[in-house]
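Summary of structural features
Spelled out from the first residue to the last, the chains are:
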Amino acid sequence: MIEKGIPRVIAVLSATAWLTGPVGAEPRTCPGGQVLTEGAGTDAALICELALRVRGQLASCNLTVPAPLTIEIVPDLAENCAGLYHCGESRIELLPPALYVARQDARGFLAFRPISTDAIFESLMRHEMAHAALDDTPCPFSSCVVTQEYVAYTMQILFLPEADRALFTAGAPEPGTVSADMLHPMILVMAPDLFARRAWRHLMDQDDPCDVIGRIADGQVTLDSPQW
Ligand SMILES: [Zn+2]
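Here the structure is a predicted model, which is why all the values come from computation and not from measurement.

What to know about unusual backbone geometry
- Omega for the peptide link from A67 to P68 comes to 0°, which places this bond in the cis form.
- Locating P68 in the fold gives a position in the loop between helix 2 (44-59) and strand 3 (69-73).
- One non-glycine residue, N62, lies in positive phi territory at about 70°.

Considerations on helix 9 (residues 209-217)
- All of the buried residues in helix 9 are V212, I213, I216 and A217. The arc that holds the buried residues of helix 9, viewed along the axis, is 140°, so those residues lie on one side.
- The secondary structure elements touched by the buried residues of helix 9 are helix 4 (117-133), helix 5 (145-158) and helix 8 (192-204).
- Of the residues one or two after helix 9, G219 is the one with positive phi, at around 85°.

Points about the pairing of strand 2 (residues 35-38)
- Looking at chain direction, strand 1 (residues 28-29) and strand 2 are connected through two bridges and run antiparallel. The partner of T29 across the bridge, within strand 2, is L36.
- Between the antiparallel neighbours strand 1 and strand 2 lie five residues, among them G32 with a positive phi of about 95°.
- By the bridge criterion, four bridges tie strand 2 to strand 3 in an arrangement that is parallel.

Some words on helix 2
- A rise of 1.5 Å per residue sets the reference length of helix 2, with its 16 residues, at 22 Å; its end C-alpha atoms lie 22 Å apart and thus fit the reference within 8%.
- When helix 2 is considered as a whole, its buried residues turn out to be A44, A45, L46, I47, C48, L50, A51, V54, R55 and L58.

Brief notes about the environment of L99
- Within the fold, L99 resides in helix 3 (residues 99-103).
- Taking the C-alpha atoms as reference points, L99 and D76, separated by 23 residues in sequence, lie 9.9 Å from one another.

Details of the sheet that holds strand 1
- Strand order in the open sheet made by the five strands is 1-2-3-5-4, with mixed pairing throughout. Of all the strands in the sheet, the pair left with one neighbour each is strand 1 and strand 4 (83-86).
- Sitting on the sheet, helix 2 touches strand 1, strand 2 and strand 3, and the angle it makes with strand 2 is about 150°.

Describing the confidence of the model for the chain
- Residues at a pLDDT of 70 or more form 85% of the chain, whose mean pLDDT is 85.
- Considering each helix and strand of the chain separately, the mean pLDDT is smallest for helix 1 (residues 6-13), with a value of 29, and largest for helix 9, with 98.
- Here residues 1-19 is modelled with pLDDT under 50, and outside its nearest four sequence neighbours on either side it reaches 52 contacts, counting other chains as well.
- Confidence drops under pLDDT 50 across residues 21-25; counting only partners more than four residues distant or on other chains, this segment forms three contacts.

Some points on the pairing of strand 5 (residues 91-94)
- The alternating pattern of strand 5 places I92 and L94 on a buried face, while none of R91 and E93, on the opposite face, is buried.
- In this sheet, strand 5 lies alongside strand 3 in parallel orientation, the contact comprising four bridges. The partner of I73 across the bridge, within strand 5, is L94.
- Bridge analysis of strand 4 against strand 5 gives four bridges, and the strand direction is antiparallel. Looking at strand 5, one finds that L84 is bridged to E93.

So, the packing of helix 2 against helix 4
- As a packed pair, helix 2 and helix 4 sit with axes 10 Å apart at the nearest point and diverge in direction by 55°. Relative to helix 4, the element helix 2 lies oblique. In the crossing of helix 2 with helix 4, the sense of the turn from one axis to the other is right-handed. Touching L50, A51, V54, Q57 and L58 of helix 2 are E122, M125, R126, M129, A130 and A133, all from helix 4.

Analysis parameters
- Residues numbered from 1 in each chain as written.
- Predicted model: local features only at pLDDT ≥ 70, side-chain atom pairs only at ≥ 80, totals over all residues.
- Helix = DSSP H or I, 4+ residues; strand = E, 2+ residues; numbered from the N terminus.
- Buried ≥ 20, exposed ≤ 12 C-beta atoms within 10 Å, placed from the backbone.
- Arc of directions from axis to C-beta.
- Contact = placed C-beta atoms within 7 Å.
- Pairing = 2+ DSSP bridges.
- Expected span 1.5 Å × (residues − 1).
- Axes fitted to C-alpha atoms, helices over the stretch in contact; angles between N-to-C directions.
- pLDDT = per-residue confidence, 0-100.
- Parallel < 35°, antiparallel > 145°, perpendicular 65-115°, else oblique.
- Left-handed = near helix turned anticlockwise from the far one by under 90°.

Okay, structure coming up:
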């Protein structure tokens, strides 16, 4: 799903000296020690730079990403998988940034297809880091997948560059108000792009979206239902 951002990749290569440990050793610790990278190779400095920025973005919306968090770059991630968070392990798997370019058309998330390749890798990292931030959130039911994906998708969209967020919202705007019961797990499975649009519309209709996100993270609010 990314990354025409070759200029950005080149720009941060000179910052490789940030990383502790000898070049090529894995895992490597990002500046500040809150994030580790594995398998990132020459993208390690880029991954660190983006991860630190994403931590700040999520913190500004009441989500605390646990530390340390490991971001592993996995070139053979399953074809239908854009990223993966391992619950309870503080570990994220992402494709190498450059591979998202090749998968952009095939990734199956129609809602995100218009987004620039520069923005998509960071947005997917943000999606997975939002899951990490909810790892300790209590779930009163057998599954809280709707709540989890609601937060992950809306954070993915909220911090997109303005032009990319406009492309997302212009793609196929969700008409009318979205009620919580329209955020159904079957929609999530069958039409994740529609789920993402509905989640975004629902959050944007709240008086204070980041207050809602904080109350979700605290376990005060859930979007799942006992019958799901
Ligand atoms: Zn997710």
